[in-house]
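An overview of the molecular structure
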Amino acid sequence: MPERPPELAELAGRTLPELRLADLSLREPDMANLRAPGGSMRDVTIEGGRLTGLLWTGGAIARTTLRRCRMDLAGLSLARIADVLLDGCDLREADLQDARLTRVALDGCDLRGADLLG
């Protein structure tokens, strides 16, 4: 996978509805408080990312691996998440309400306070 393009170097705090991320490998990106409702993430690997407060409501995440990412307080409600590995991620108090999870593996993730109902 290609490395992070320069335009993705700083996404923290931005509002980018329907953001499309595809065929990428991102190492330690700062995506904290990124608001990307309706976004799409496909064939992406993120290692050590800061995704605290990420808002991906109603979006899609497919064929993606997230390793050792901070995703506490992330908003993934109504998202379609398929063929995804979450490995060692902090998902404390994340909102996955009414998200559709298909073939999603959570390995060693902290889910304390996460909302998984729906």
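Anything mentioned here points back to the structure above.
Before going into details, it helps to say that this report is about the structure given with it. Every value quoted in this text rests on a predicted model; they were computed, and no experiment measured them.

A few words on the pairing of strand β2 (residues 40-47). Moving residue by residue along a regular strand, the side chains alternate between the two faces of the sheet. Relative to β2, strand β1 (residues 20-27) runs parallel, the two sharing seven bridges. Considered in β2, the bridge of Ser25 is made with Thr45. Pairing of β2 with strand β3 (residues 60-67) involves six bridges; the strand directions are parallel. Following the sheet pairing, Glu47 is matched in β3 by Arg67.

Next up on the list: a positive patch on the surface. On the surface, Arg20, Arg42, Arg80 and Arg100 cluster together into a positively charged patch. Positionally, Arg42 belongs in strand β2. Classification of Arg42 as partly exposed rests on a relative accessible area of 34%.

Turning next to the sheet that holds β2. Ordered by their spatial adjacency, five strands build an open sheet running β1-β2-β3-β4-β5, and the pairing between neighbours is parallel. Here the strands that pair on one side only, and so sit at the sheet edges, are β1 and β5 (100-107). Each adjacent strand pair in this sheet contributes to an overall mean axis angle of 0 degrees, direction not counted.

Going through the model one piece at a time under the given rule, you end up with ten salt bridges. Between Asp30 and Arg50 there is a salt bridge; the shortest N-O distance is 3.1 Å. Taken together, the residues span a long stretch of sequence, with Asp30 in the loop between β1 and β2 and Arg50 in the loop between β2 and β3 at a distance of 20 residues. Close ionic contact of Arg68 with Glu47 constitutes a salt bridge, the shortest N to O distance being 3.2 Å. Here Arg68 is found in the loop between β3 and β4 (80-87), whereas its partner Glu47 is found in strand β2, with 21 residues between them in sequence. Classification of Arg68 by relative accessible area gives partly exposed; the value is 48%. In the salt-bridge network here, residues are joined through shared partners; they are Asp90, Arg92, Asp110 and Arg112.

As for its placement among the helices and strands, Ser40 is situated in strand β2. Judged by relative accessible area, which is 13%, Ser40 ranks as buried. Discounting chain neighbours no more than four positions away, the residues touching Ser40 are Leu19, Arg20, Leu21, Trp56 and Ala60.

We now examine unusual backbone geometry. For Asn33, which is not glycine, the phi dihedral falls at a positive 60 degrees. Counting through the fold element by element, Asn33 comes out in the loop between β1 and β2. Judged by its relative accessible area of 41%, Asn33 falls in the partly exposed class. One non-glycine residue, Asp98, lies in the positive phi region at around 60 degrees.

Procedures and definitions
Residues numbered from 1 in each chain as written. Predicted model: local features only at pLDDT ≥ 70, side-chain atom pairs only at ≥ 80, totals over all residues. Heavy atoms only, no water. Pairing = 2+ DSSP bridges. Helix = DSSP H or I, 4+ residues; strand = E, 2+ residues; numbered from the N terminus. Patch = residues over 30% accessible without salt bridge, like charges linked within 9 Å, V, L, I, M, F, W, Y side chains within 5 Å. Areas by Shrake-Rupley, 256 points an atom, 1.4 Å probe, with all protein chains shown as cover. Salt bridge = Lys/Arg side-chain N within 4 Å of Asp/Glu carboxyl O. Lys, Arg positive; Asp, Glu negative; His and termini not counted. Charge placed at Lys NZ, Arg CZ, Asp CG, Glu CD. Buried < 20%, exposed > 50% of the residue type's maximum accessible area, 1.4 Å probe, protein only. Axes fitted to C-alpha atoms, helices over the stretch in contact; angles between N-to-C directions. Contact = heavy atoms within 4.5 Å.

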